[in-house]
Amino acid sequence: MNAIRVRGLRKAYKGHQAVAGVDLDVARGEVFAVLGPNGAGKTTSVEILEGHRGRDAGEVSVLGVDPAKGDRAWRSRLGIVLQSATDAATLTVREAVHHYAKYYADPRDPEEVIDLVGLTEKAKSRAGTLSGGQRRRLDVALGIIGRPELVFLDEPTTGFDPEARRQFWGLIKLLAAEGTTILLTTHYLDEAEALADRVAVLAGGRIVAEGTPRTLGGRAHAEATVRWMSDRGYTEIKTSEPTKVIAELSRHGELAELTVTRPSLEDVYLELIA
Amino acid sequence: MTTATLSKKALPGTLELGLARGAAELREFFRQKENLIFTVSLPAILMLLLGTVYVHEAAAGQMFAASMIGAGIISTSFVGLGMSVVADREDGTLKRLRGTPMPFTSYFIGKIILVFVSSLFEAVLLLVVAMLRFDVELPSTAEKWFTFGWVFVLGVISCSLIGVALSSIAKSTRNAAGVLNLPYIVLQFLSGVFISQAVLPESLRVAGSLFPLKWVCQGFRSVFALNDGYAVMEAAGSWELGKIALVLGAWTIAGLLLVTRTFRWTHEAS
């Protein structure tokens, strides 16, 4: 059984169709990224899956349960990592993690979790004094303390500096390696590429493409561009056999400023959401 | 089913989690200086300032201290709790809790614990100030203390519920300060805290009598009055203990209904 199965999901706000017929399958143990610009319907979709929002139409099953009817037992199998919370500001990291551990039947060891998210040195610091990146690590700790089967991460690295993002990615990879299913929304392409097994692009409330980061939008089969400097200036050839093209060209001597490029995930993405 | 095999260990009970919430709430509350200054100490400070003007004889001190305790516990329950729920909505506490298996009832038990403990601190501090500065005497009979106890409990619970219900109207903590403080301040004038209700025009007296504050203060005055003869100073000329219980009980039920119907986890319309 899939961790998440969605068919024909729709949700409108005051005449605006935020989610306009989404189908989605996420396998157990998979890291799945939902990419899309602001206002594409990412957060609405995720909040419906989390059971925080109702829907107008469609079938939704999360860990075999309809989120609209999710009970305590179901909630205890989910981990939701918040995006911009500033709660528990006067509790220390240790106090907060120990407190949230009490909510679950079979929580992880709080000290292990603090260690896992890399906050051991900050265990005695109050949550309100943490940096942005550290605070999100605490959010992850609180999200995974209940040993969830499925973790939701909604734009987890927004506002991070590059180093904090890399560290955060390491943490997500660690969770994925333990077999946790992860649904991630992001508008960073490199994030999706670095973390996700599969990616869906959401635009205007619909999924416009789905695949692995390598194959998304026909990227793997797209023609490569061979470009070099000739007597007539920059010259480009689009080809599906760049190796052959270069072999032929190079018979006439050295090729100045030679490059071979394929569309980046960003090129594909911008095309898709345009 | 996977659910059955996974949940061999049962989820913790609602009351157990409520107590854990209460402990965390208290810890957070007492670590915030603004809570200690405004919520816990303000009634004692007001007692000191206003008492110096108003209190020239023992009887007046007793009555004024009683009214101030009433106003104080309503400040911690109605205003304080309402504000703390709005803050929980604003800083993500409620959103986080909603994503966990913690039942809503446990959250509310935690809040009630917070309100009882902070109200008790506030009342004790105020009494100490009143005793030291104005020679206020504590009630001497078990019967008076019993009255004190039930008025305190009913007052705190009813005003907590109304505060939480009103917090759903407020969109932000800044907004909530107005939504909650305005009725509280107006009611202090209509309920015999600063001015005896007997001198108010009838329309204002009736308006004040619709709300819990007047009844809580009247209940406390019956406890702290030097003798029951002082009941003639009340608007009705008696302590009306039965009526106090009825009004506060009715507000508790109304508050409970309001909270279950209006409580919102987040600001966003669903």
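It should be emphasised that the depicted structure is a prediction, and the values quoted were computed from it without experimental measurement.

Next up on the list: the overall build of chain B. When helices and strands are tallied, chain B shows 11 helices and 0 strands. Start at the N end of chain B and walk to the C end: the helices and strands fall as α-α-α-α-α-α-α-α-α-α-α. The C-alpha radius of gyration computed for chain B amounts to 20 Å, which stays within 12% of the reference 18 Å derived for 270 residues, consistent with globular compactness. If you line up chain B on its principal axes, its C-alpha atoms span 70 × 35 × 35 Å. Taken across its 270 residues, chain B has 47% of its residues classed as buried.

All names here are of chain B. Between helix α2 (residues 14-30) and helix α6 (residues 104-134), the shortest axis-to-axis distance is 7 Å and the interhelical angle comes to 45°. By the angle class used here, α2 and α6 are oblique. The element α2 and its partner α6 pack so that their crossing is right-handed. Taking contact as the criterion, the partners of Thr 14, Leu 15, Leu 17, Gly 18, Arg 21, Gly 22, Glu 25, Leu 26 and Phe 29 in α2 are, on α6, Thr 105, Ser 106, Tyr 107, Ile 109, Gly 110, Lys 111, Ile 113, Leu 114, Val 117 and Ser 118.

Residues and elements named next belong to chain A. Most of strand β7 (residues 181-186) is tucked away, with 6 of its 6 residues classed as buried. By the alternation rule, side chains of β7 split into Thr 181, Leu 183 and Thr 185 and Ile 182, Leu 184 and Thr 186, which are all buried. For strand β3 (residues 31-35) and β7, the ladder comprises 5 bridges, and the chain directions are parallel. Following the sheet pairing, Val 34 is matched in β7 by Thr 185. The pairing of strand β6 (residues 150-154) with β7 spans 5 bridges and is classified as parallel.

Attention now goes to the sheet that holds β3(A). All names here are of chain A. Across the sheet, 6 strands lie side by side as β5-β6-β7-β3-β8-β9; this open sheet has mixed pairing. Two strands lie at the open edges of the sheet, namely β5 (78-81) and β9 (206-211), each paired on one side alone. With strand direction ignored, the average angle separating the axes of adjacent strands in the sheet is 15°. Across 4 bridges, β5 lies against β6 in parallel orientation. Residue pairing in the sheet places Leu 78 in a bridge with Leu 150 of β6. Sitting on the sheet, helix α5 (residues 132-144) is in contact with β5 and β6, with an inclination near 165° to β5. Together, β3, β8 (198-203) and β9 form the strand contacts of helix α9 (residues 265-273), whose direction differs from that of β8 by roughly 35°.

As a further point, take the environment of B:Arg174. As for its position among the elements, B:Arg174 is in helix α8 (residues 173-190). As for B:Arg174 and B:Met83, which are separated by 91 residues in sequence, their C-alpha atoms are 9.2 Å apart.

On to the sheet that holds strand β12 (residues 256-261) of chain A, then. Residue and element names in this part refer to chain A. Taken together, 3 strands build an open sheet; the order of strands is β11-β10-β12 and the sheet is antiparallel. The open sheet has two edge strands with one neighbour each: β11 (233-239) and β12. Taking the axes of each pair of neighbouring strands and ignoring which way they run, one obtains an average angle of 15° across the sheet. The pairing of strand β10 (residues 224-230) with β11 spans 7 bridges and is antiparallel. Bridging from a neighbouring strand, Ala 224 pairs with Thr 239 of β11. On top of the sheet, helix α8 (residues 242-249) reaches β10, β11 and β12; it is set at about 20° to β10, its chief contact.

Segmenting chain A into domains produces domain 1 (4-217) and domain 2 (222-263). When each unit is reduced to the centre of its C-alpha atoms, the spacing between domain 1 of chain A and domain 2 of chain A is 43 Å.

Residues and elements named next belong to chain B. For chain B, the average pLDDT comes to 87, and 95% of its residues sit at 70 or higher. Considering each helix and strand of chain B separately, the mean pLDDT is smallest for helix α1 (residues 2-6), with a value of 47, and largest for α2, with 95. The low-confidence segment residues 1-7 (pLDDT under 50) makes 4 contacts with residues lying over four places distant or belonging to another chain. In the predicted assembly, ipTM is 0.85 and pTM is 0.85.

Conventions adopted
Residues numbered from 1 in each chain as written. Chains lettered and ligands numbered in written order. Predicted model: local features only at pLDDT ≥ 70, side-chain atom pairs only at ≥ 80, totals over all residues. Helix = DSSP H or I, 4+ residues; strand = E, 2+ residues; numbered from the N terminus. Rg over C-alpha atoms; globule rule 2.2 N^0.38 Å. Buried ≥ 20, exposed ≤ 12 C-beta atoms within 10 Å, placed from the backbone. Axes fitted to C-alpha atoms, helices over the stretch in contact; angles between N-to-C directions. Parallel < 35°, antiparallel > 145°, perpendicular 65-115°, else oblique. Left-handed = near helix turned anticlockwise from the far one by under 90°. Contact = placed C-beta atoms within 7 Å. Pairing = 2+ DSSP bridges. Domains from an automatic or database assignment. pLDDT = per-residue confidence, 0-100.

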